[in-house]
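Listed below are the residues making up each chain.
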Amino acid sequence: MQMLRIVYPVVLFCIMTLKTSAQGKSKPLPIQQIKVEWEIIENYHKGQPGFQSAFTFTNMGKSDLPAKGWSLYFNMARAIRPESVEGGMAITNINGDLFKLTPAAGFAGLKPGQSVRVHFVGSDWVINFTDAPLGLFWVLDEQPEKGLKALNYHIVPATRLKQIQRAPADKYGFTTPTDLYRQNSKIEDLPAAGLTKIFPSPSSYKEKGGVFNLDRVAYIDADPAFAREAAYLAAELEKSLGRKIPVARAVADTLNGIIIQKTELPAEAYNLSINTAQILISAGDAAGAFHAIQSLRSLMPAEAFAGKASDLSIPAVDVEDTPRFGFRAFMLDVGRNFHSKQQVLRVLDLMALYKLNVFHFHFSEDEGWRIEMPSLPELTDIGSRRGFPVDESQQLMPSFGSGPDNNSSGTGHYSKEEFIEILRYADARHIRVIPEIESPGHNRAAVVSMKARYERLMKEGKREAAEEYLLHDPNDKSEYRSVQGWRDNAMNVAQPGVYRFLARVFDDLIAMYKEAGVPLEMIHIGGDELPAGVWERSPVAQELVAKDPNLHTTFDLWYYYYEKVNELLKERGLSAYAWEEAGMRKTKLDGKPHYIPNPDLARGIFQLDVWNNMLGWGAEDLAYRLANAGYEIILSPVSNVYFDMCYYKNFDEPGYYWGGFIDLDKPWQFIPYDYYRNARKDKFNTDLPASFFEHKERLTDYGKQQIKGMQGLLWSETLVNPQMMEYMLLPKLLGLAERAWSADPDWTSEPEPMAGTAYWKDWSRFVNRVGKRELPKLDHLSGGFAYRIPTPGLIVENGMVKANIQLPGLVLRYTVNGKEPDAKSKLYTGPVTEKGSIKVRAFSTAGRGGRTAEVNNQ
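Residues numbered from 1 in each chain as written. Predicted model: local features only at pLDDT ≥ 70, side-chain atom pairs only at ≥ 80, totals over all residues. Heavy atoms only, no water.

## A closer look at the overall build of the protein chain
Then, number 1: Helix and strand counts for the protein chain come out as 20 helices and 35 strands.
Then, number 2: For 858 residues, the compact-globule estimate of 2.2 N^0.38 gives 29 Å, and the C-alpha radius of gyration of the protein chain, at 28 Å, lies within 12% of that figure.
Then, number 3: The burial tally for the protein chain puts 59% of its 858 residues in the buried class.
Then, number 4: Nonlocal contacts in the protein chain, meaning residues at least 24 apart in sequence, comprise 75% of its contacts between residues at least 6 apart.
Then, number 5: Accessible surface computed for the protein chain: about 32,700 Å², of which carbon and sulfur atoms make up 51%. (Helix = DSSP H or I, 4+ residues; strand = E, 2+ residues; numbered from the N terminus. Rg over C-alpha atoms; globule rule 2.2 N^0.38 Å. Buried < 20%, exposed > 50% of the residue type's maximum accessible area, 1.4 Å probe, protein only. Contact = heavy atoms within 4.5 Å. Areas by Shrake-Rupley, 256 points an atom, 1.4 Å probe, with all protein chains shown as cover.)

Here it is in structure tokens:
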């Protein structure tokens with residue numbers, strides 16, 4: 001079997017082999033000399049849903065590991081069945097994804113050199129290293145308040161099919177170099193000179209012959225309405241040219257200038273005309289002028305983004321351009337794992353270049369609250385920190401491998417000043433920042449923070465102040481478990497403190513936007529994945545249901561909540577934005593639970609993100625049903641634009657995969673008004689029958705008017721550092737930008753849209769543009785991005801090894817001596833005839849390499 005080998009130490013080493021900087025600085029305690037390994041045994045264990053895996057503990061020290069007096073904590077995104085644990089150990093769930101392993105009565109301890117294997121069974125399946133237990137730390141009974149990082153932890157790669165095959169129906173095996181070669185086989189390597197040089201594709205693009213050399217730019221003459229855009233352009237050109245460009249009205253000499261004029265054009269539209277003597281930008285509004293500037297930058301050579309271009313010639317072109325959607329969004333989750341202010345600014349630079357205009361800032365989650373609220377300091381004093389111990393009076397418990405200390409990506413927040421800086425930076429780039437307050441579920445960080453506030457004030461005898469922002473019912477005995485395993489992550493919407501809390505947060509946000517000088521028009525209020533069973537045994541909730549004549553069941557509190565939140569927003573002149581569930585009403589059909597679009601909140605009251613089009617879950621048409629019912633919809637389908645999904649199936653490929661595998665092609669091939677046509681396989685890689693969508697609701701002409709835009713989403717459960725964030729984001733973001741801005745290509749109207757010649761020709765043009773023009777820019781933009789470099793495809797034919805690549809323009813290098821290819825290895829220019837192990841690796845223009853592919857040429 002041909003396997004792909006991991007060679008991304010910067011991105012993945014901290015996860016695959018967990019060691020800490022403490023090693024070498026202080027002598028490890030005896031417990032830290034225990035080597036811990038984890039491996040997958042099999043999925044579909046004993047012919048039933050569920051996986052079996054195992055820890056192996058080996059005593060590498062000189063003293064015994066005692067039979068008791070210690071425990072090992074870890075995070076794992078699967079439910080572990082306690083009764084399945086073997087090897088003389090017990091595993092219990094603390095809450096969420098945090099587990100505790102302790103020696104049981106049958107464990108006799110470990111002498112030096114001895115090992116013990118601990119098998120256990122968990123829910124669903126595991127197929128890659130992202131699924132492994134993470135953030136391991138020891139706790140000694142004699143020091144119960146202190147967590148000690150496990151210094152010697154290894155994840156054993158899966159190499160057998162039963163380790164990654166999720167169920168008998170799973171048709172995905174290991175992704176081999178031959179698989180990749182066949183996937184790339186219809187991609188043509190096209191001459192760079194013939195490619196469209198503006199990204200995303202403009203409505204009309206024509207090269208006229210000749211060039212304009214930016215070195216000759218003498219001034220920028222802008223309509224007063226575009227003064228800010230002109231100043232931005234001058235600053236960007238200064239970085240490339242190394243000199244200041246004056247912004248001034250032209251007097252006599254109109255040559256060698258950049259003219260930005262105001263004309264009658266639709267919102268965000270622009271015209272760009274470049275000849276050998278002048279650059280003319282025409283736009284109807286400032287956003288259009290800004291997008292024209294991005295198109296001008298898009299024409300520049302990649303080295304210009306680092307101020308290192310020896311030739312600053314750009315082609316003479318005529319461009320007419322207007323966006324397909326007015327709402328072109330990217331959502332970044334900073335709640336699960338924190339991303340610094342500087343990293344957010346880098347993302348905004350990316351969005352600006354590729355004409356994305358909405359930054360959906362998912363700053364609150366179960367696992368973290370990330371923006372300082374001046375009126376409620378507990379939200380970040382407590383809710384932005386994760387660590388041990390787990391009493392949560394000072395911090396949240398560890399999640400997603402954040403460990404026992406506060407020095408991981410699990411901890412962090414933006415100060416008021418930093419958030420204001422982000423707002424201003426985005427506004428200068430014509431990007432709206434829409435903050436999201438997840439509620440009423442996915443709100444644990446806020447619930448815990450306000451609970452700590454409540455308990456502190458109650459001890460001080462200040463009951464009224466304690467209850468002012470109380471989000472939970474202290475007497476609630478409801479039992480539930482969220483998708484992420486939490487048993488206490490929902491606000492109790494019957495508590496009056498919930499609405500005082502939201503009003504206070506809304507007002508703090510309004511004040512910060514006002515101080516930034518940036519308009520706030522909309523707040524996202526969550527609405528995703530409220531667990532079944534919440535509030536059922538809450539005295540406060542049940543009392544409200546009994547008193548309010550409009551409430552008949554506990555579930556009716558859902559509608560009660562959103563009606564009240566909508567009123568709070570309306571009072572402040574703000575619009576409501578939420579996840580799809582906020583627009584659904586629960587009813588019954590043939591005696592069974594059934595969900596329909598809620599008519600009470602449609603017709604411009606709520607804008608909804610619709611993510612659930614999971615093939616086989618039954619809601620494949622949900623976005624279209626809600627649009628047809630009058631809801632304004634932002635298409636956010638998991639099948640195509642959830643960027644945290646794996647690129648493809650292999651043990652060493654990071655990311656989740658519950659929604660499928662998502663490479664660059666998935667966002668690019670999405671057909672917004674008829675996405676049934678771009679759906680071909682289910683999550684197990686099984687072909688969908690021709691009748692699959694027969695009884696699904698189609699998008700009507702009325703519904704089409706309610707589709708306001710598209711959104712790419714990057715959830716951060718696995719994003720523990722900037723490199724991993726950029727790896728999952730890029731180049732997928734470019735597929736989103738193309739589809740959100742540009743019109744549907746011709747192949748989308750063909751009977752079999754993704755099978756014909758037109759599809760492959762368009763795909764070839766797109767990947768050539770990405771590989772030959774965009775990735776080189778990303779090597780320099782904002783200091784350079786760690787985008788994913790695709791793994792080469794390899795095949796052995798007639799005694800020769802042939803190689804190809806998804807993104808032409810990347811350089812392939814190979815070795816025949818067993819060593820990893822580096823930037824000095826032999827250049828691949830054609831089939832390799834040498835025998836033995838042939839290793840091939842792709843490199844960027846900056847010399848950064850991707851994964852190595854290997855085949856054996858016998």
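## As for the pairing of strand β17 (residues 313–321)
Then, number 1: As paired strands, strand β12 (residues 204–213) and β17 are joined by seven bridges and run antiparallel to one another. Paired with F212 across the bridge in β17 is I314.
Then, number 2: When strand β15 (residues 270–274) meets β17, the two strands line up antiparallel, connected through four bridges. Along β17, the bridge assignment pairs N271 with E320. (Pairing = 2+ DSSP bridges.)

## Some thoughts on the packing of helix α6 (residues 341–353) against helix α18 (residues 722–729)
Then, number 1: One way to put it is that α6 packs onto α18 with a least axis distance of 12 Å and a crossing angle of 20°. Relative to α18, α6 is oriented roughly parallel. The interaxial crossing formed by α6 with α18 has right-handed handedness. On α18, the residues touching Q343, R346, V347 and L350 of α6 are P722, M725, E726 and L729.
Then, number 2: Counted by class, the contact of α6 with α18 contains five nonpolar, one polar and two charged residues. (Axes fitted to C-alpha atoms, helices over the stretch in contact; angles between N-to-C directions. Parallel < 35°, antiparallel > 145°, perpendicular 65-115°, else oblique. Left-handed = near helix turned anticlockwise from the far one by under 90°. Nonpolar A, V, L, I, M, F, W, Y, C, P; charged D, E, K, R; others polar.)

## Structural notes on the side chain of D762
Then, number 1: By the secondary structure assignment, D762 is in helix α20 (residues 757–778).
Then, number 2: Side-chain polar atoms of D762 contact the side chain of W747, separated by 2.9 Å.
Then, number 3: Residues in contact with D762, not counting those within four places in the same chain, are W668, P745 and W747. (Polar contact = N/O pair within 3.5 Å; in protein donor to acceptor, adjacent residues only side chain to side chain.)

## Thoughts on the side chain of S716
Then, number 1: Looking at the element boundaries, S716 is found in the loop between β29 (707–714) and α18.
Then, number 2: Within the local environment of S716, its side chain forms a polar contact with the side chain of H339, the two groups lying 3.0 Å apart.
Then, number 3: Apart from the residues within four sequence positions on either side, S716 is in contact with L332, D333, R336, N337 and H339.

## Quick word on helix α11 (residues 496–516)
Then, number 1: Taking 1.5 Å of rise per residue, 21 residues should cover 30 Å, and α11 covers 31 Å from first to last C-alpha, within 8% of that figure.
Then, number 2: Looking one or two residues past α11, G517 carries a phi angle of roughly 75°, positive in sign. (Expected span 1.5 Å × (residues − 1).)

## Re the packing of aromatic side chains
Then, number 1: Taken as a whole and judged by the stated rule, the model has 55 aromatic pairs.
Then, number 2: Between W369 and F501, the aromatic rings sit 6.0 Å apart at their centres with planes inclined by 70°, giving edge-to-face as the arrangement. Remark: F501 occurs in helix α11 and W369 occurs in strand β21 (residues 368–369); sequence separation between them is 132 residues. Like F501, W369 is buried. (Phe/Tyr/Trp six-rings, centres within 6.5 Å; stacked < 30°, edge-to-face > 60°.)

## Considering the confidence of the model for the protein chain
Then, number 1: Of all residues in the protein chain, 96% attain a pLDDT of 70 or more, and the chain-wide mean is 94.
Then, number 2: For the stretch residues 1–24, pLDDT sits under 50, and the model shows 78 contacts to residues farther than four places along the chain or on other chains. (pLDDT = per-residue confidence, 0-100.)

## Brief notes about the sheet that holds strand β6 (residues 89–95)
Then, number 1: The five strands lie next to each other as β6-β7-β5-β9-β10, forming an open sheet whose pairing is antiparallel. Edge positions in the sheet fall to β6 and β10 (148–149), since each of these pairs with one other strand and no more.

## Focus: the sheet that holds strand β16 (residues 278–283)
Then, number 1: Read from one edge of the open sheet, six strands run β12-β17-β15-β16-β14-β13, paired in mixed fashion. At either margin of the open sheet sits one strand with a lone partner, and together these are β12 and β13 (219–222). Here the average twist between neighbouring strands, direction ignored, is 20°.
Then, number 2: In terms of strand pairing, β13 meets strand β14 (residues 257–262) through four bridges, oriented parallel. Opposite A222, over in β14, you have I260 as the bridge partner.

## Quick word on unusual backbone geometry
Then, number 1: In this model, F199 is joined to P200 through a cis peptide bond whose omega is -5°.
Then, number 2: Put simply, S439 and P440 share a cis peptide bond, and its omega is -10°.
Then, number 3: With respect to the helices and strands, the residue P440 is situated in the loop between β22 (432–436) and α9 (444–459).
Then, number 4: With a phi angle near 60°, N256 is a residue other than glycine that sits in the positive phi range.
Then, number 5: Take N256: it is sitting in the loop between α4 (227–241) and β14.
Then, number 6: Residues other than glycine seldom take positive phi values, yet W535 does so here, at roughly 70°.

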